[in-house]
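Chains, contacts and geometry: an overview
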Amino acid sequence: MNSLENSTDMTRPKKEPAARAQESFIRIVPPVDIFENDEELLLVAEVPGANQDTIGVQLKPPHLTIEAEQMRSREQGASAPLVRFERTFRVPDGLDPERVEAKLNRGVLRIHLKKSERIKPQRIAVRGE
Amino acid sequence: MLTRWNNLGVPDIDRSMSMVDELRSEMERIFEGFERDAGQGALRVDMWPRVNLYDTGSALVVRADLPGFVDKDLAISVEQSALTLTGQRELEVPEGYAVHRQERGATTSFSRMFTLPCRVDADKAEAKLSHGVLELTLPKVPEEQPRQITIQA
């Protein structure tokens, strides 16, 4: 079971701390909106209560992976299951992995995936006769 | 005979059911969120938002996941032991963008009602919203607070 999981499960983080592997967690598939303009793809994901330090956004074409963990509150205590947001998308070619920007506000994560120059729509000048 | 079947049979069924569950969660892990709409494994809209209740002894604490909501989007009321949470938010398409996928739109408004396990003092309730999580603290009425009982010699 383990080897199968390691080879096919794209939604798991590559490096998982050993201690965490034993910990119980609740996995949530965050709802996502996806928008596009000439410059970029914009993904908007809901990760309420996510700790900024645990947010991982990885663009490794053709996949984009979003990961985040919810902060625990005092009342929950350390034994409460960890809430994890995880989602992987197949994204189109031509996005620049070097220029990925993510912003977190009120539990909403906005990821800007810039298109590389070659796939941006080119304006073609039409010459008159 | 029937009793014996139950005694011996049920644990087996339990075991095989738990194996089915295990297999299913394994499958869900593999396919979750991978190139598909928020469906199985995602939060159900009628159970949205995700709400948890904690008992700290002197108070009940309600935590609700409300990403993107601001104070004015929410209404909280307590009547006797009924807690009602309602909310509505506007979701905008950013200007100049084409829409590929809109899953967040399914949850623009909600109303959920809960029966609290004990009486609370609503006048002393406190609510705060941070990082998209609402935390509501409802102190219990004095009669509901835990009491230490001394064992007499």
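Keep in mind the model is a prediction, meaning the values are calculated, not measured.

Definitions and cut-offs
Within each chain, residues carry numbers counting from 1 in the order of the written sequence. Both sets of labels track the order of writing: A upward for chains, 1 upward for ligands. Reporting of local features is limited, given that this is a predicted model, to residues whose pLDDT is at least 70; pairs of side-chain atoms are given and counted only at 80 or more, and all residues count toward the totals for whole chains, interfaces and linings. Side-chain measures were taken over the full set of non-hydrogen atoms in the model, leaving aside hydrogen atoms and water. Strands here are runs of E lasting at least two residues and helices are runs of H or I lasting at least four, both read from the DSSP assignment and numbered beginning at the N terminus. Summary of the burial criterion: residues with accessible area below 20% of their type's maximum are buried, those above 50% are exposed, and those between are partly exposed, where the area comes from a 1.4 Å probe applied to protein chains only. It only takes one pair of heavy atoms within 4.5 Å for two residues to be counted as in contact. Strand pairing is assigned whenever DSSP identifies at least 2 bridges connecting the two strands. Comment: axis = line fitted to C-alpha atoms, over the contacting stretch for helices; angle = value between 0 and 180 degrees taken between N-to-C directions. Here a pair means two rings of Phe, Tyr or Trp (six-membered ring of Trp) with centres within 6.5 Å. Their orientation is stacked below 30 degrees between planes, edge-to-face above 60, and tilted elsewhere. Any Lys NZ or Arg CZ that is within 6 Å of a ring centre and within 35 degrees of that ring's normal is treated as a charge sitting over the ring. Buried Ala, Val, Leu, Ile, Met, Phe, Trp, Tyr and Cys residues form a nonpolar core when they are joined through side-chain atoms within 4.5 Å. Take a side-chain nitrogen of Lys or Arg and a carboxyl oxygen of Asp or Glu: if they are within 4 Å of each other, that pair is a salt bridge.

1. Things to note about the overall build of chain A
- When you go through chain A residue by residue, the secondary structure sums to 2 helices and 8 strands.
- Among the 129 residues that make up chain A, the fraction classed as buried is 47%.
- Contacts in chain A between residues at least 24 apart in sequence constitute 54% of all its contacts with a sequence separation of at least 6.

2. Structural notes on the sheet that holds strand S5 (residues 98-102) of chain B
- Spatially, 5 strands are ordered S7(A)-S8(A)-S3(A)-S2(A)-S5(B) in an open sheet, and the strand pairing comes out antiparallel. The two strands at the open ends of the sheet, each matched to only one other strand, are strand S7 (95-105) of chain A together with S5 of chain B. In this sheet, adjacent strand axes meet at a mean angle of 15° when their direction is disregarded.
- Inspection of the sheet shows strand S2 (residues 32-36) of chain A paired to S5(B) by 4 bridges, in the antiparallel sense. In the strand pairing of S5(B), Asp33(A) is matched with Gln102(B).

3. Points about the packing of aromatic side chains
- This model, assessed by the stated rule, comprises 3 aromatic pairs over all chains.
- Geometrically, the ring pair formed by Trp48(B) and Phe110(B) is edge-to-face, given 5.7 Å between the ring centres and 75° between the ring planes. With Trp48(B) in the loop between helix H1 (2-31) and strand S1 (51-55) and Phe110(B) in strand S6 (residues 109-115), the pair connects residues that are 62 residues apart, well separated along the chain.
- Residue Phe110(B) is classed as buried on the basis of its relative accessible area of 8%.
- Ring-pair connections join several aromatic residues into one group, and the members of that group are Trp48(B), Phe69(B) and Phe110(B).
- We note Arg84(A) situated over the ring of Phe25(A); from NZ or CZ to the ring centre the distance is 4.5 Å.

4. Remarks on the nonpolar core
Residue and element names in this part refer to chain A.
- Counting residues in hydrophobic clusters, the biggest one holds 20 residues, and the most contacted among them are Leu43, Leu64, Ile66, Phe89 and Leu113.
- Elements represented by at least two residues in this core include exactly S2, strand S3 (40-46), strand S5 (63-69), strand S6 (82-90) and strand S8 (108-115).
- Not counting the four nearest positions on each side in its chain, Leu113 is found in contact with Glu39, Glu40, Leu41, Leu43, Leu59, Leu64, Leu95, Arg99 and Val100.

5. A word on the sheet that holds strand S4 (residues 82-88) of chain B
Residue and element names in this part refer to chain B.
- The antiparallel open sheet is built from 3 strands, whose spatial order is S3-S4-S6. For this open sheet the edge positions go to strand S3 (74-79) and S6, each flanked by a neighbour on one side alone. For this sheet the average axis-to-axis angle between neighbouring strands, irrespective of direction, equals 10°.
- As paired strands, S3 and S4 are joined by 6 bridges and run antiparallel to one another. Looking at the pairing, Ala75 lines up with Thr86 of S4.

6. Looking at the pattern of salt bridges
- All chains considered together, the criterion is met by 17 salt bridges over all chains.
- Across the salt bridge formed by Arg99(A) and Asp96(A), the nearest N and O atoms sit 3.2 Å from each other.
- Look at Arg99(A) and you get partly exposed, because its relative accessible area is 35%.
- One salt bridge in this structure joins Arg101(B) and Glu103(B), with 2.9 Å as the shortest N-O distance. Across the pair, exposure class does not vary: Arg101(B) and Glu103(B) are buried alike.

7. Some points on the pairing of strand S7 (residues 126-130) of chain B
Residue and element names in this part refer to chain B.
- Sheet topology note: the S7/strand S8 (residues 133-139) ladder contains 5 bridges and is antiparallel. Across the sheet, Glu126 pairs through a bridge with Thr137, a residue of S8.
- Once S7 ends, the chain turns through 2 residues before running back antiparallel as S8, passing His131 with a positive phi of about 50°.

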